[in-house]
Amino acid sequence: NVSVVPLGVDSDLFASNDNPKYDVPTLIFSGNMGYAPNISAVTWFVDRCWSSIQREIPRASLVIAGRNPSKAIRALENWNGVTVTGFVDSMPDILNAAHVAVAPMVSGSGMQLKILEAMSCGLPVVATSLGLGGIAARNNEEIIVADDADSFCAKVIALLKDPLLSRLIGNRARDFVIRNHSWAAAGARIEKIYRKIAK
């Protein structure tokens, strides 16, 4: 008899705010940048997707945010439009400054907190199937899933070019997190388990 309470995020902390967006169309990848699956994901994205995205949207920017950036991650700043922040004081603020979050995971396992945090901030997220993992968000409604470089580029470009679509996916993403991965939702599940046991 096993009950599972999914990973949650603080949906009050990770929420959309009134801080201004970056002046240029900006993608964000967040997480511990010394963690091997994150390093693989970002290098795959920059190597396989970034030039194609910039050909379509020359002003596009990529922000890689998170502590412990490895030497390989720091080297990505040599690419036009790529910024590596290292540790940031407020991940919600830097997420809210971006326009689209990317999670092109090509290795690793487990539920990706970075995806839930971005979705909770009302950001549209483009992820691989591996990145999506056990998150039960609906493709093309609450999240966008793409597994090859051409598809990933096309989905990112579509969101950057269409603010209305971007906002729609982002709003649905936040609603999904509140219903399924907020602390309130987790608490309700735990309380339901206690009540069942108490009977």
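Procedures and definitions
- Residues numbered from 1 in each chain as written.
- Predicted model: local features only at pLDDT ≥ 70, side-chain atom pairs only at ≥ 80, totals over all residues.
- Heavy atoms only, no water.
- Pairing = 2+ DSSP bridges.
- Helix = DSSP H or I, 4+ residues; strand = E, 2+ residues; numbered from the N terminus.
- Contact = heavy atoms within 4.5 Å.
- Axes fitted to C-alpha atoms, helices over the stretch in contact; angles between N-to-C directions.
- Patch = residues over 30% accessible without salt bridge, like charges linked within 9 Å, V, L, I, M, F, W, Y side chains within 5 Å.
- Areas by Shrake-Rupley, 256 points an atom, 1.4 Å probe, with all protein chains shown as cover.
- Salt bridge = Lys/Arg side-chain N within 4 Å of Asp/Glu carboxyl O.
- 1 Å grid on protein atoms, 1.4 Å probe; cavity = no way out; pocket = protein on both sides within 12 Å on 5 of 7 lines; lining within 4 Å.
- Points joined across faces, edges and corners; volume = space filled by probe spheres on them.
- Nonpolar A, V, L, I, M, F, W, Y, C, P; charged D, E, K, R; others polar.
- Expected span 1.5 Å × (residues − 1).
- Bend = angle between axes of the 7 residues up to and from the residue.
- Buried < 20%, exposed > 50% of the residue type's maximum accessible area, 1.4 Å probe, protein only.
- Right-handed = clockwise from strand over helix to strand, strands pointing away.

Chemist: So what's going on with the sheet that holds strand β2 (residues 61-65)? Residues and values would help.
Modeler: Across the sheet, 6 strands lie side by side as β3-β2-β1-β4-β5-β6; this open sheet has parallel pairing. Sheet topology places β3 (82-86) and β6 (144-145) at the edges, where each strand pairs with a single neighbour. Running at roughly 155° to strand β5 (residues 125-127), helix α4 (residues 113-120) makes contact with β1 (26-30), β4 (100-103) and β5 of the sheet.

Chemist: For a nonpolar patch on the surface, give the residues involved together with the corresponding values.
Modeler: On the surface, a nonpolar cluster with roughly 400 Å² of combined accessible area is contributed by V5, I190, Y194 and I197. In this structure, V5 sits in the segment before β1.

Chemist: Help me get a handle on empty space enclosed by the protein, residues and values and all.
Modeler: Taken as a whole, this structure holds 1 cavity of 30 Å³ or more when the rule is applied. The computed volume of the largest cavity comes to approximately 50 Å³. Along the walls of the largest cavity sit I28, F29, S30, A101, V102, A103, K114, I115, A118 and V125, which together make up its complete lining. When residues of the lining of the largest cavity are traced back to their parent elements, those giving at least two are β1, β4 and α4. The residue makeup of the lining of the largest cavity, split by class, is 8 nonpolar, 1 polar and 1 charged.

Chemist: Got a sec to walk through helix α1 (residues 36-56)? Specific residues and values, please.
Modeler: Between its first and last C-alpha, α1 extends 30 Å over 21 residues, near the 30 Å set by a 1.5 Å rise per residue. Helix geometry: α1 is bent most strongly at C49, by close to 50°. Taken together, the buried positions of α1 are P37, N38, I39, A41, V42, W44, F45, V46, C49, W50, I53 and Q54.

Chemist: So what about the pattern of salt bridges? Which residues, and what values?
Modeler: In this structure the tally under the stated criterion is 5 salt bridges. For E56, the salt bridge goes to K161, with nearest N and O atoms at 2.8 Å. Residue E56 is located in helix α1, and its partner K161 is located in helix α6 (residues 149-161); the two are separated by 105 residues in the primary sequence. Taking the relative accessible area as the measure of exposure, E56 reaches 45% and is therefore partly exposed. Across the pair E142 and R138 runs a salt bridge, and its minimum N-O distance is 2.9 Å. By relative accessible area, which is 44% here, R138 ends up partly exposed. Here the salt bridges do not stand alone but share partners, grouping R138, E141, E142 and R179 into one network.

Chemist: Pulling in residues and values, what's your account of the packing of α4 against helix α7 (residues 163-180)?
Modeler: The N-to-C vectors of α4 and α7 enclose an angle of 115°; their axes lie 7 Å apart at closest approach. On α7, the residues that touch L116, M119 and S120 of α4 are G170, A173, R174, F176 and V177.

Chemist: An account of the layout of surface pockets is needed here, citing residue identities and associated values.
Modeler: Its volume calculated, the largest pocket comes out at about 380 Å³. Listing elements by their share of the lining of the largest pocket, those giving two or more residues are α6 and α7. Ranked by the residues each element gives to the lining of the largest pocket, the list is headed by α7, at 6 residues. Its residues assigned to classes, the lining of the largest pocket comprises 7 nonpolar, 9 polar and 3 charged. S30, G31, N32, Y35, N38, M91, S109, M111, Q112, L113, K114 and E117 are the residues that line the second largest pocket. By residue number, the principal contributor to the lining of the second largest pocket is α4, which donates 3 residues. For the lining of the second largest pocket, the class distribution of residues is 4 nonpolar, 6 polar and 2 charged.

Chemist: Got a sec to walk through the pairing of β2? Specific residues and values, please.
Modeler: Burial runs high along β2: 5 of the 5 residues are buried. Pairing geometry for β1 and β2, over 5 bridges, is parallel. Paired with I28 across the bridge in β2 is V63. Traced from β1 through α1 to β2, the parallel crossover comes out right-handed. As paired strands, β2 and β3 are joined by 4 bridges and run parallel to one another. In the strand pairing of β3, L62 is matched with V82.

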